[in-house]
Amino acid sequence: MASPIVVMGVSGSGKSTVGAALAQRLRVPFADADDFHPEANIEKMSAGHPLDDDDRHPWLESIGQWLAQHSDGGVMSCSALKRKYRDQLRTHCADVEFLHLAGTLEVIGRRQASRPGHFMPPALLASQFETLEALEPDERGIAIDVDNSIDAIIETYVQSTESDNRTE
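Quantities reported herein were computed from a predicted structural model and do not represent experimental measurements.

**Quick look at the pattern of salt bridges**
Phase 1: Enumeration according to the criterion identifies 14 salt bridges in this entry.
Phase 2: A salt bridge links Arg 86 to Glu 139; the shortest N-O distance between them is 2.7 Å. A residue pair is termed long-range when its members are at least 10 positions apart, and Arg 86 in helix α4 (residues 83-92) and Glu 139 in the loop between α6 (125-131) and β5 (141-145) qualify at 53 residues. With respect to class, Arg 86 is no different from Glu 139; both count as buried.
Phase 3: Among the ionic pairs, Arg 90 bridges to Asp 87, the shortest N-O distance being 2.5 Å. Of the two residues, Arg 90 and Asp 87 are both situated in helix α4; the distance of three residues between them amounts to about one turn of the helix.
Phase 4: The buried category is assigned to Arg 90, whose relative accessible area is 18%.
Phase 5: Because the salt bridges share partners, they merge into one network encompassing Arg 83, Arg 86, Asp 87, Arg 90, Glu 136, Asp 138 and Glu 139.

This is the structure we're talking about:
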């Protein structure tokens, strides 16, 4: 039985693009966590203000419910920046796996600058890096450098799950 996968990372790391391509490769449903934000969160981020944990809680609950509904396989793109956010998702679906799209502020900043019209302004990227907590050894998942092609990221992830080399 497949586990749902959360493609995580800061804004501009390629979560939606990689997540959609990974779901297509695995032939499972895909959802983008941005679509689960209440309007108040979008307005707050659009105004240049980072979300706080109170803002994120109901959003993460909705994402966790989607993961539980897709416990036999699905891909969700979601920042999941803090361990406690990932823990909240695990309360809904204990076997969720994480694919962390990791990169430097410079690389991701360049990528984000090429995305006009996204509700997350580039000025908030630094705050996302400050918030980001890497996967811990007891979390199911793998970190892959975003400075690879989408195909290479997906292939690395698929190979890691087939060889069971990911962090358990």
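**Details of the sheet that holds strand β1 (residues 5-8)**
Phase 1: The strand order across the open sheet built from five strands is β2-β3-β1-β4-β5, with neighbouring strands paired in parallel fashion. Here the strands that pair on one side only, and so sit at the sheet edges, are β2 (30-32) and β5. Strand-to-strand twist of the sheet, defined as the mean angle between neighbouring strand axes without regard to direction, takes the value 20°.
Phase 2: Judged from the three bridges that link them, β2 and strand β3 (residues 75-77) form a sheet pairing that is parallel. Its bridge partner being in β3, Phe 30 is matched across the sheet by Val 75.
Phase 3: Relative to β5, helix α7 (residues 150-163) is tilted by about 150°, and along the sheet it contacts β1, β4 (97-102) and β5.

The rules behind the values
- Residues numbered from 1 in each chain as written.
- Predicted model: local features only at pLDDT ≥ 70, side-chain atom pairs only at ≥ 80, totals over all residues.
- Heavy atoms only, no water.
- Salt bridge = Lys/Arg side-chain N within 4 Å of Asp/Glu carboxyl O.
- Helix = DSSP H or I, 4+ residues; strand = E, 2+ residues; numbered from the N terminus.
- Buried < 20%, exposed > 50% of the residue type's maximum accessible area, 1.4 Å probe, protein only.
- Pairing = 2+ DSSP bridges.
- Axes fitted to C-alpha atoms, helices over the stretch in contact; angles between N-to-C directions.
- Contact = heavy atoms within 4.5 Å.

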